[in-house]
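Tertiary structure, described
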Amino acid sequence: MLNEHRSQDSLSEEKDVEKGIGMYLVTAIRELGPPALTDLHQDAVVDPLAAVADFDDPNIDKGAVFLEDDSPYPEVRSAVANTDDPTMPVSTIRSWVIGEELPSSLLVAQLLAFPVGRLWARVVPNVSIFGHQLNPGRYTIKEHVLSTIISTVASGGAYATGIIAVQRVFYNQTFNFGYQWMVVMSTQLIGFSIGGIGRRYLVQPPSMIWPANLVNCALFNTLHSQVYAGMGAQAGMSRERFFTYAFLASGVWYLFPGYIFQALSVFSWVCWIAPDNIKINQLFGYSSGMGMSLITFDWSQIAYIGSPLATPWWAEANITVGFVFFFWFLTPVLYYSNTWYSEYMPISSRGSFDNTGAAYNVSRILNDDTTINLEKYHAYSPLFLSTTFAMTYGLSFASVAATLTHAFLYFRRQIWTQSRRAMHEQPDIHARLMSVYPQVPDWWYLVMFLLMFVFGVISIEVWPTQFPVWAFVLALFISFFYVIPVGMIQAITNQQVGLNVITELIIGYALPGRPVAMMMFKTWGYITMAQALQFTSDFKLGHYMKVPPRPMFWGQVVGTVVAGTVQLAVQAWMFTNIPDLCDAHQKDGFICPGTEVFGTASIIWALLFFFLIGAALPFFGYLISLRWPNSFMRYINFPVIFSGTGSIPPASAVNYVPWAIVGFIFQFIIRRRHFSWWTKYNYVLSAALDSGVAISIIIIFFCLQYPMNGEIGLNTIQSWWGNTVFKNTGDWNDVSLKTVPKGETFG
C-alpha cells in the first residue's frame, strides 16, 4: 500500500518512474510470451484487467498499462487522487452547519460551501462545544465533500411530494401534515436500507466508476489545489485558472440564452422561417416537435439530461441511436399514419387528451373516493397520448425487461464474485485505502428499514388511500430486486433505467381503477430503488474522496429528513399563496410539468409487446459478441438504448440532439486526438460550465425576475424579437396536424 503521508511532489515523481517500469513490464510480457511469465513477479502472471471487471467492460482500454497503485480507468485517474490522509478532519461542526445552511444543487453547493468554509476557518474562534472543536483549522477537502453531500440531499426534491400535489390538483384530496410527512419519509429513506448491499456490488468494485461523480471529484480537487499523478501534464494553464475562466465565461454567456436573447436557447430556426407550416414545426420544433433544427446555444438545455462531458461516448452513442430510430424515424411514421389517432394531437406532448383533442379532465371520471367510475369514463372519453409519450412508455417496458436479461448475461459472474470479496481484497487502490475506516453496521440499515416500513403502513392504513399493505410489500420487493442490475448499468453508463412505468402496469392489473393507489405503488416501487442508487452514488463519491462511510450515512439521512420536512412546508405555502399553481397558463411559469406527467401516468399503461422486444434483443447481442468479441457489438447496450430517452417527456429533442453533438466532440474526437488535454481539463470544464449556469440562473432570478413581480423590462427586453420569435410558432403553441370539428369526436 502507498505511504499515505508522503509529499505530493515526491509522489508525482515516483509515479512517473512506476509508469515507466509498468510499461517495461507489459512490453516484456508481450514479447516473452506465456512461457516466460513464470520468471516475473507473481502479480504480473495474472491478467490485472481481468481482475478489475468480471465482464467485458466497454469503459476499459484492453491495451492500457495497469498500475497497482492507481485505477485502470483514465477517467478515474484524471479526476481522483490515489492518496489519503486518515487524520484529516471530516465530520465537524463546521461541515454540518455549512451543509444544512446551504441547501442547493450539487455543483452550486460545492461552490458556495468552499468560500464559506474558508471564511469560517479565518474568523470563527476555536472553542469546544461538547468536546468538538468549532474551528479545527483549515477547511479540508473531506469536510467540503460532507458539507456538499448534506447540502445536496437537503435540496433534492422528494418524489412523494408529487403524490401530495396530484392529490390536491387532480383528486381534491388534502390530508394533514402527519400523513404527508410519513409518506415522504418512508419513500425517501426506505431505499437507504439497501445501501449496505449496494456498497458491495456498486461502490467497492473499480469497474463501477459512476461517471457523473468524476466531475464533482475533479472540482473538489481543483478548488483545493490537489496535485496527483493522474491529473495530466503539469505544463500549460493550471486547472484552477482554467476553471475560473470557464466558470466566468459560462456565467456571463448564460445571461443571453437565459434572459437577454432567449431564442438562443430554443433555437428552432427552421420554425422561425415557416411559423405556420404545421409539418415543419412538428419536425424541426423544440417545444412540441422532433428537434431536427439540431442546435442550441444554452448549456442548461444541453446538459439537462446530464453533462455530455461526463457520460462515456459509447453510452452516448447508444442513446443517440435509440433517439434517432425511435423518435426521428418510428415516431413520424406512426404519427403521420394516424396510429392511435395521433394526428389529432401534437406529435410530442407531456399531457393526455380526450376525444376532442382537449386536455383530459380526470375529475370527470372519478367517484367521490377518487376511484375511477367506468360509466363516467365511457360516457366521457377514452384517454389518448401523444406519439412521443406513447413511445416513451413502450421503451420503458422494453428497458426493464432488457435490464434483467442484460444483467444475467453480462454481470452474473461479477455479482457472484463481489458476493464473496471483502473490501481490502478489491483490485483497486481506492478500496484498499477506504478499508481502514469503520464500515456502517448492517443493523443500522435494518433499523432504518423497519422504521420506514412502519411509517408506510400507518400512512396507507389510517388515511383512505385505497392502497393495501400487500401491494406496499410487492412494491418494495420490485424495487429491491432491480437495485443491483439497474445500479450496475448506471455505474458504467451514467444512465438509470426507471421503474416508474412497470410499476404502473403491475398495479394497474392488480388494483384497477385506483389512481391514487397506483401513484403510491409507483412511488414506493420506483423511488425506493432510485433513493438506494442515489445513496450508493453518494457513497461512491465519498469512496473516491476518502470520506469515512459512517459520516456519509448520517449526512444523507439527516439531510433527507430536513429536506423532506422543509419541502412539504414550502409546498403547502405555495398552494396557499400562489394563484393558479400547476395551471398550464400560470403567469409566472409554475405549471408543474412533472406533476402533470405524474397525474397522467397514474391512469395509463399500454404497449406491452415492448416487453418481448426488450427481453429478446440482449440475447442476440450477447451471442454475436461471443462469436466476434472485438466487434462493435461489445459496445451495444440495449437497456441504455431503450432507457436513454426516458426523460421524454418533459425533456424534448433540444435536450438530446445538441447533447449528442457535444458528447461526440469531447468524448470521442478530443479524447482520441488530444488525450492529455482531455485528461487534464475535460471534467473541470464540465464542472465550470454547470457551475457558471447555476450561479447565473440564481442571479437572473433574484435580480431580474423576482423583483417587481417579474415586470422588469416587460415592454422592452422581454418583448423584443429575440425573446418572442420562438413563441410565435406552431411548435411553441402545440399544433396538431388535424383538428376536431366542433361538436364531433375522434376514436
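Residues numbered from 1 in each chain as written. Predicted model: local features only at pLDDT ≥ 70, side-chain atom pairs only at ≥ 80, totals over all residues. Heavy atoms only, no water.

Regarding its fold elements, the protein presents 29 helices and 4 strands. Across the 747 residues in the protein, those meeting the buried criterion constitute 56%. In the protein, of all internal contacts separated by at least 6 residues, the share reaching a separation of at least 24 is 79%. Accessible surface for the protein amounts to roughly 31300 Å². Of this, 64% is attributable to carbon and sulfur atoms. (Helix = DSSP H or I, 4+ residues; strand = E, 2+ residues; numbered from the N terminus. Buried < 20%, exposed > 50% of the residue type's maximum accessible area, 1.4 Å probe, protein only. Contact = heavy atoms within 4.5 Å. Areas by Shrake-Rupley, 256 points an atom, 1.4 Å probe, with all protein chains shown as cover.)

Moving on: empty space enclosed by the protein. Which parts of space are left empty comes out when a probe the size of a water molecule is rolled across the atoms. A full pass over the atoms with the stated rule returns 2 cavities of 30 Å³ or more. The volume enclosed by the largest cavity comes to roughly 70 Å³. In terms of lining residues, the largest cavity is bounded by 10 residues, among which V203, M434, F539, H543 and P549 are the most central. Only α10 (195-203) and α23 (515-545) provide two or more residues apiece to the lining of the largest cavity. (1 Å grid on protein atoms, 1.4 Å probe; cavity = no way out; pocket = protein on both sides within 12 Å on 5 of 7 lines; lining within 4 Å. Points joined across faces, edges and corners; volume = space filled by probe spheres on them.)

Residue Y341 is not a glycine yet carries a positive backbone phi of 55°. As for its placement among the helices and strands, Y341 is situated in the loop between α16 (313-336) and β3 (352-353). Taking relative accessible area as the criterion, Y341 reaches 37% and is therefore assigned partly exposed. Phi angles above zero are rare outside glycine, and D734 is one such case at about 55°. Note on placement: D734 falls in the segment after α29 (675-705). For D734, a relative accessible area of 41% puts it in the partly exposed group.

What follows concerns the packing of helix α6 (residues 106-123) against α29. For any two helices packed against each other, one specifies the inter-axial angle together with the distance between the axes. Where α6 contacts α29, the two axes come as close as 9 Å, and the packing angle between them is 85°. By the angle between their directions, the pair α6 and α29 is classed as roughly perpendicular. Here L107, V108 and L111 of α6 come into contact with α29, specifically with A687, D690, S691, A694, I695 and I698. Of the residues contributing to the contact of α6 with α29, the split by class is 7 nonpolar, 1 polar and 1 charged. (Axes fitted to C-alpha atoms, helices over the stretch in contact; angles between N-to-C directions. Parallel < 35°, antiparallel > 145°, perpendicular 65-115°, else oblique. Nonpolar A, V, L, I, M, F, W, Y, C, P; charged D, E, K, R; others polar.)

Turning next to a nonpolar patch on the surface. Taken together, W253, F256, I260, W269, I273, L294, I295, F297, I661, F664 and I665 make up a surface patch of nonpolar side chains, about 940 Å² in accessible area. Secondary-structure elements contributing two or more residues to the nonpolar patch are α12 (239-260), α13 (269-273) and α28 (657-673). Among the structural elements, W269 can be located in helix α13. (Patch = residues over 30% accessible without salt bridge, like charges linked within 9 Å, V, L, I, M, F, W, Y side chains within 5 Å. Salt bridge = Lys/Arg side-chain N within 4 Å of Asp/Glu carboxyl O.)

Moving on, we get to α10. With 7 of 9 residues buried, α10 lies mostly within the body of the structure. Burial in α10 covers these residues: G195, G196, G198, R199, Y201, L202 and V203.

Tallied over the full model, the rule gives 4 salt bridges. Salt-bridge contacts for R671 lead to E75; the nearest nitrogen and oxygen are separated by 2.8 Å. Of this pair, R671 sits in helix α28 while E75 sits in helix α4 (residues 74-79), and the two are 596 residues apart along the sequence. Accessibility expressed as a relative area gives 23% for R671, which makes it partly exposed.

Here we take up the packing of helix α11 (residues 211-223) against α23. For the pair α11 and α23, the least separation of the axes is 10 Å and the interaxial angle reads 40°. Of the two possible hands of crossing, α11 and α23 adopt the one that is right-handed. Of the residues in α23, those in contact with N213, L214, N216, C217, F220 and N221 of α11 are S537, K540, L541, Y544 and M545. A breakdown of the residues in the contact of α11 with α23 according to their chemical character gives 6 nonpolar, 4 polar and 1 charged. (Left-handed = near helix turned anticlockwise from the far one by under 90°.)

Bringing the packing of aromatic side chains into the picture now. The way to describe two aromatic rings as a pair is by their centre distance and the angle between their planes. In this structure the tally under the stated criterion is 55 aromatic pairs. Seen from their ring centres, F243 and F247 are 5.8 Å apart, and the 10° between their planes marks the pair as stacked. Of this pair, F243 and F247 both sit in helix α12, 4 residues apart, which is roughly one turn of the helix. F243 gets classed as buried once you look at its relative accessible area, which sits at 5%. (Phe/Tyr/Trp six-rings, centres within 6.5 Å; stacked < 30°, edge-to-face > 60°.)

A few words now on the nonpolar core. Residues F467, M520, W524 and F553 are the most contacted members of the largest nonpolar core, which totals 158 residues. The leading source of residues in this core is α23, at 18 residues. The contact partners of F553, leaving out residues within four places of it in the chain, are V440, W444, Y445, M448, F535 and F539. If you look at the next biggest cluster of nonpolar residues, it comprises 9 residues, including W272, Y286, V654 and V725. (Core = buried A, V, L, I, M, F, W, Y, C linked by side-chain atoms within 4.5 Å.)

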